[in-house]
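Architecture and fold: a report
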Amino acid sequence: MRVVATIASSGKGSKSSCAVKITAGGFTHTRVVPFTKATVNQAELFALGYVLASVKPDLDPQFEITTFNTYVGRILERDALGQYVVTPEKNLEQVKEIRDLADKKSVIFNVEKTADITALRELIKKSAEPANA
């Protein structure tokens, strides 16, 4: 099963949100998750974990994930010996959880700004606006 996902985050200071768009087998799921205390990197790491945990492992999913966040995009990158290239200084628990999830899956990363990322950031912005009462 091929799972195509786009993840994005946006925020200021410690108040951030993330958004995901997951497409698999003709089904599309989009979700925005706001945080009261999370950095942009933490929000985007959450989005990555959300995507990796979204499909039952027995389906043997192949993930293609697009992000514009270079830190998150490199968090699963390995060298020729299979060692992780990035050694995180922060978010250690979150990175470990994501790497544990990813170790059991086929994951391809694209780090680029796409129309889907722009659309997800707009969705985050709209969800953060107060409703007119």
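Scroll up a little and you will see the structure.
Heads up: these notes are all about the structure in this document.

Basis of the calculations
- Residues numbered from 1 in each chain as written.
- Predicted model: local features only at pLDDT ≥ 70, side-chain atom pairs only at ≥ 80, totals over all residues.
- Heavy atoms only, no water.
- Core = buried A, V, L, I, M, F, W, Y, C linked by side-chain atoms within 4.5 Å.
- Buried < 20%, exposed > 50% of the residue type's maximum accessible area, 1.4 Å probe, protein only.
- Helix = DSSP H or I, 4+ residues; strand = E, 2+ residues; numbered from the N terminus.
- Contact = heavy atoms within 4.5 Å.
- Salt bridge = Lys/Arg side-chain N within 4 Å of Asp/Glu carboxyl O.
- Pairing = 2+ DSSP bridges.
- Phe/Tyr/Trp six-rings, centres within 6.5 Å; stacked < 30°, edge-to-face > 60°.
- Axes fitted to C-alpha atoms, helices over the stretch in contact; angles between N-to-C directions.

What follows concerns the nonpolar core. Counting 27 residues, the largest nonpolar core has I7, L48, V51 and I65 as its most contacted members. Looking at this core, the elements that each hand over two or more residues are β1 (2-12), β2 (15-24), α1 (40-52), β4 (62-67) and α3 (92-102). Considering every element that reaches this core, the biggest residue donor is α1, with six residues. Contact partners of I65, with chain neighbours within four places excluded, come to A5, I7, L48, V51, L52, V107, I108, F109 and N110. A19, I117, L120 and I124 belong to the second largest nonpolar core, which has five residues in total.

A word on the pattern of salt bridges. Side-chain pairs of opposite charge can arise where the charged atoms are in close proximity. If you walk through the whole model with that rule in mind, you get five salt bridges. A salt bridge links D116 to K21; the shortest N-O distance between them is 3.4 Å. Taken together, the residues span a long stretch of sequence, with D116 in helix α4 (residues 115-128) and K21 in strand β2 at a distance of 95 residues. In this structure, E77 engages R74 in a salt bridge whose closest nitrogen and oxygen atoms are separated by 3.2 Å. Overall, the relative accessible area of 38% leaves R74 in the partly exposed class.

So, on to the pairing of β2. In terms of burial, β2 is a largely internal element, seven of the ten residues being buried. In terms of strand pairing, β1 meets β2 through ten bridges, oriented antiparallel. Its bridge partner lying in β2, V3 is registered against A24. Taken together, the eight bridges between β2 and strand β3 (residues 27-34) define a ladder with antiparallel strand orientation. Its bridge partner being in β3, K21 is matched across the sheet by T30. Where β2 hands over to β3, the hairpin turn is made up of two residues, of which G25 adopts a positive phi near 55°.

We now examine the packing of aromatic side chains. Enumeration over the complete set of coordinates arrives at two aromatic pairs. Consider the rings of F35 and F46, whose centres lie 5.2 Å apart with planes at 75°: the pair is edge-to-face. Remark: F46 occurs in helix α1 and F35 occurs in the loop between β3 and α1; sequence separation between them is eleven residues. Exposure remark for F46: the relative accessible area of 33% places this residue in the partly exposed category.

The next thing to look at is the sheet that holds strand β5 (residues 106-111). Spatial ordering of the open sheet is given by β3-β2-β1-β4-β5, a layout of five strands whose pairing is mixed. Only two strands of the sheet have a single neighbouring strand rather than two, namely β3 and β5. Averaged over all neighbouring strand pairs, the angle between strand axes comes to 15°, with direction disregarded. The sheet strands contacting α1 are β1, β2, β3, β4 and β5, and the helix crosses β2 at an angle near 25°. Docked against the sheet, α4 engages β1, β2, β3 and β4, running at close to 45° with respect to β1.

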